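Below, each chain spelled out in residue letters.
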Amino acid sequence: MGITLSAKKGLIKQSEIRNMTRECLKAEGINLAQGICDLEIPASVMQAAKDAIDSGYNIYTASEGLSRLRRAIAEKHKRFYGQEFDHKSEIMVSMGATGAFYTTALSTLNPGDEVIVFEPYYSYHAATLESIGCVPRFVRLKEPEWTFDKRDLESVLTKNTRGIIINTPANPCGKVFSQTELELIGDFAQSNGLLVFSDEIYEHFVYDGLTHIPPATIPTLKDRTITISGFSKIFSITGWRLGYAIAPAHVIETATHFNDLIYVCPPTPLQFGAAKGLIELPDSYYENVASEHQAKRDRFCAELAKAGLTPHIPHGAYYVLADVSMTEGNTVKEKVMALLHETGIASVPGNAFYHEESDTFLARFCFAKKEEILEKVYQRLVSKHS
Ligand code: PLP
C-alpha cells in the first residue's frame, strides 16, 4: 500500500498562518497574515554576505556558528542590555530563532514534560513542544492589557511542569513584559525549579517609551533562562534563516550537537552578513526601526478603528489583534475569509493563537509593510466599511 506515515504525523499540522498565506495567494490578496517585514535589508548586511560568497566562504562553519558572529552577538547583548556572555561557550547560532528553540528544547526537555505557554501564543511554540512529546499548559492573558497573576501560573503547575515560555515583545498581542511581571515569573520559576525559554525576536520593536527587558537580566532568571533571538525581523532577512540561543554552557554544548545533526551549520556567507550588521549598524538604525513601526502602528490602528475593526493597540512587535465580529460569518475563520474575499486583505483567525475552540473574534494583521502597500490596505478598508 505504498508508504505509511509515522505515529508522529498526528503531532504536526500545517500552521494557520501558512493556510491563510495560501488562501491569500489564491485570492490574489494583500498578505497581512504572515509576519514578513518589508524593511529594506541594511546595505552593509547584504554586501558582506555577497563579499563572503565571492571570497570563497562557502563551506561549513562550526556547528555552533561563525566565531565572529557569536562574538558580535555577545557584544550586542553587552551594548544594549549590559549582559555578559562568553561567545565561545554560551552562544549558538542556528537556523533562525525557530532552530534555536527546537534544538534547545530537544536538549532540555523530555517527552511528558509540561511547559507553561501564555496565550494568545505564537503557534510554533506550542507546536514545537508537541512535536517532541511535551505538553503545553496554557495561561490565558487577560484582555485588554494582556495581564496575568501568580495564581494563573499556580493553577497550571503540576509535578511534571519543567518550564515556561516568555515571548517579549509578544506575537500576536504585542505585550511587552514589565520588570514586575518578569520578577514574578522569576520567583515562580525559582520556587518550582523551572527553566525559561525567552523568545525575544521582536526585541527592537518596542513602542510608547517602553524598553525591552531581557528576562535573563532578572537575577532569579539569569541561570535558568535560554534566550532566543535572531536576525529575521530586525534585518528583514526571514529567508536567510539565522537566529541564536544564549544559555549556560552545558545547554549550548548539547544544543550544538543537535544543531549539527539537524542542520550541520547555519548558512556560512549569510552569517558574515549578519555579523557585519551587528558590528556596524549604529544605535540610530534600531531607533529608526522602532519609531517607523510605531508610526505605522498608529495609522494602521486608526484605520482599522475607522473601518469598525476595533484594534487592541500593541506596545511591541508588529501585529495588531483586531475585532472582526462585524464581518460576515459565524466563526472567526469564516469572518476572516469573508474579509479576504471582500477586501483582498488576508489576516489570521485569532483562534489559531488559542489552544481550545475559543470564542474569540479577533484576527491578527501584520503592519510591517511598505507604505504603498499599507495605503492600498487603507483604501480597501474604507471602501468596504464606509
Ligand atoms: N518567534 C516568534 C515569536 C515569531 O513571531 C517568529 C516569526 O514570525 C519567529 C520566532 C521565527 O523566527 P526565525 O525566522 O528567526 O526562525
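I will try to describe carefully the structure that is included in this document. Since the model is a prediction, treat every value here as computed from it, not as a measurement.

Following the criterion strictly, the structure yields 21 aromatic pairs and no others. Note on Phe 80 and Tyr 286: the rings are 5.0 Å apart at their centroids and 75° apart in plane angle, and the pair reads as edge-to-face. With Phe 80 in helix H3 (residues 67-81) and Tyr 286 in helix H10 (residues 283-306), this residue pair connects regions lying 206 residues apart in the sequence. When its relative accessible area of 26% is taken as the criterion, Phe 80 is described as partly exposed. An aromatic cluster of three or more residues is present, and its members are Phe 80, Tyr 81, Phe 231, Phe 235, Tyr 244, Tyr 285 and Tyr 286. One residue, Lys 175, lies across the ring of Phe 177, its end atom 4.9 Å from the ring centre.

Moving on, we come to the packing of helix H4 (residues 96-108) against helix H8 (residues 249-263). Orientation of H4 relative to H8, taken along the N-to-C sense of each, is 120°, at an axis distance of 8 Å. Relative to H8, the element H4 is oriented oblique. Both H4 and H8 take part in a crossing whose hand is right-handed. Residues Gly 99, Tyr 102, Thr 103, Thr 104, Leu 106, Ser 107 and Thr 108 of H4 form the contact with H8, whose own contacting residues are Val 251, Thr 254, Ala 255, Phe 258, Asn 259, Ile 262 and Tyr 263. Grouping the constituent residues of the contact of H4 with H8 by class yields 7 nonpolar, 7 polar and no charged.

A few words now on the pattern of salt bridges. When charged atoms on two side chains of opposite charge get close, those side chains can pair. Applying the stated criterion to the full structure yields 19 salt bridges. Glu 114 is the partner of Arg 137 in a salt bridge, and the nearest nitrogen-oxygen pair spans 3.4 Å. Here Arg 137 is found in strand E4 (residues 135-140), whereas its partner Glu 114 is found in strand E3 (residues 114-119), with 23 residues between them in sequence. By relative accessible area, which is 9% here, Glu 114 ends up buried. Connected through shared salt-bridge partners, Arg 299, Glu 303, Lys 306 and Glu 375 make up one network.

To continue, consider helix H1 (residues 16-27). An ideal rise of 1.5 Å per residue puts 16 Å on 12 residues; H1 measures up with 16 Å between its terminal C-alpha atoms. Buried within H1 we find Glu 16, Ile 17, Met 20, Thr 21 and Cys 24. In a view along the axis of H1, the buried residues occupy a sector of 145°, so they form one face of it. Facing away from the buried side of H1, by more than 90 degrees, are the exposed residues Arg 22, Leu 25 and Lys 26. The elements touched by buried residues of H1 are strand E1 (30-31), helix H5 (123-131), helix H11 (332-343), strand E11 (345-346), strand E12 (348-349) and strand E13 (362-366).

All right, on to the pairing of strand E10 (residues 319-323) then. Summarising burial for E10: 4 of the 5 residues are buried, a large majority. From the end of strand E9 (residues 311-312) to the start of E10, which pair antiparallel, there are 6 residues, and Ala 317 there has a positive phi angle of about 60°. As paired elements, E10 and E13 share 5 bridges and run antiparallel to each other. Paired with Ala 322 across the strands is Ala 363, a residue of E13.

Below, the discussion takes up the state of the cysteines. Note on terminology: disulfide describes a covalent bond linking the sulfur atoms of two cysteines. Summed over all chains, the structure comprises 0 disulfides. Left unpaired, Cys 301 is separated from the closest cysteine sulfur, that of Cys 366, by 12 Å.

Phe 231, Phe 235, Phe 300, Tyr 318 and Phe 365 are the most contacted members of the largest nonpolar core, which has 93 residues in total. Here the element with the most residues in this core is H10; it accounts for 6 residues. Not counting residues within four places of it along the chain, the set of residues in contact with Phe 235 comprises Ile 41, Pro 42, Val 45, Ala 274, Gly 277, Leu 278, Leu 281, Tyr 285 and Tyr 286. Ala 189, Leu 194, Ile 218 and Leu 362 belong to the second-largest nonpolar core, a separate cluster that totals 25 residues.

Definitions and limits used
- Residues numbered from 1 in each chain as written.
- Predicted model: local features only at pLDDT ≥ 70, side-chain atom pairs only at ≥ 80, totals over all residues.
- Heavy atoms only, no water.
- Phe/Tyr/Trp six-rings, centres within 6.5 Å; stacked < 30°, edge-to-face > 60°.
- Helix = DSSP H or I, 4+ residues; strand = E, 2+ residues; numbered from the N terminus.
- Buried < 20%, exposed > 50% of the residue type's maximum accessible area, 1.4 Å probe, protein only.
- Lys NZ or Arg CZ within 6 Å of the ring centre and 35° of its normal.
- Axes fitted to C-alpha atoms, helices over the stretch in contact; angles between N-to-C directions.
- Parallel < 35°, antiparallel > 145°, perpendicular 65-115°, else oblique.
- Left-handed = near helix turned anticlockwise from the far one by under 90°.
- Contact = heavy atoms within 4.5 Å.
- Nonpolar A, V, L, I, M, F, W, Y, C, P; charged D, E, K, R; others polar.
- Salt bridge = Lys/Arg side-chain N within 4 Å of Asp/Glu carboxyl O.
- Expected span 1.5 Å × (residues − 1).
- Arc of directions from axis to C-beta.
- Pairing = 2+ DSSP bridges.
- Disulfide = S-S within 2.5 Å.
- Core = buried A, V, L, I, M, F, W, Y, C linked by side-chain atoms within 4.5 Å.

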